[in-house]
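Here is what each chain is made of, one letter per residue.
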Amino acid sequence: MEDEARRHGAIQAYVDTMSFQAPGFYRSCGYEEFGTLKGYPGGVTRHSFTKSL
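Values in this document were obtained by computation on a predicted structure and should not be read as measured data. (Residues numbered from 1 in each chain as written. Predicted model: local features only at pLDDT ≥ 70, side-chain atom pairs only at ≥ 80, totals over all residues. Heavy atoms only, no water.)

### Focus on the side chain of H47
As for its position among the elements, H47 is in strand β3 (residues 44-52). Overall, H47 belongs to the buried group, its relative accessible area being 11%. Only 2.5 Å separates the side chain of H47 from the side chain of E33, close enough to count as a polar contact. Residue contacts for H47: discarding those within four places in its chain leaves V15, D16, T17, M18, S19, P23, R27, E33, G35 and T36. (Helix = DSSP H or I, 4+ residues; strand = E, 2+ residues; numbered from the N terminus. Buried < 20%, exposed > 50% of the residue type's maximum accessible area, 1.4 Å probe, protein only. Polar contact = N/O pair within 3.5 Å; in protein donor to acceptor, adjacent residues only side chain to side chain. Contact = heavy atoms within 4.5 Å.)

### Concerning the pairing of strand β2 (residues 32-40)
Taken together, the 6 bridges between β2 and β3 define a ladder with antiparallel strand orientation. The partner of T36 across the bridge, within β3, is H47. Where β2 hands over to β3, the hairpin turn is made up of 3 residues, of which G42 adopts a positive phi near 75 degrees. (Pairing = 2+ DSSP bridges.)

Take a look at the structure:
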């Protein structure tokens, strides 16, 4: 998807994921975390990531 986004002129990618989903995956792909929102039921945290393309 990143390559396709670049072909369309995108210069930045942005994703959200929950703590029980894939924050480690996005970190391993070079995304940088820029924010979290705590307080979801069950102690879940929402993580926001960005990456320059």
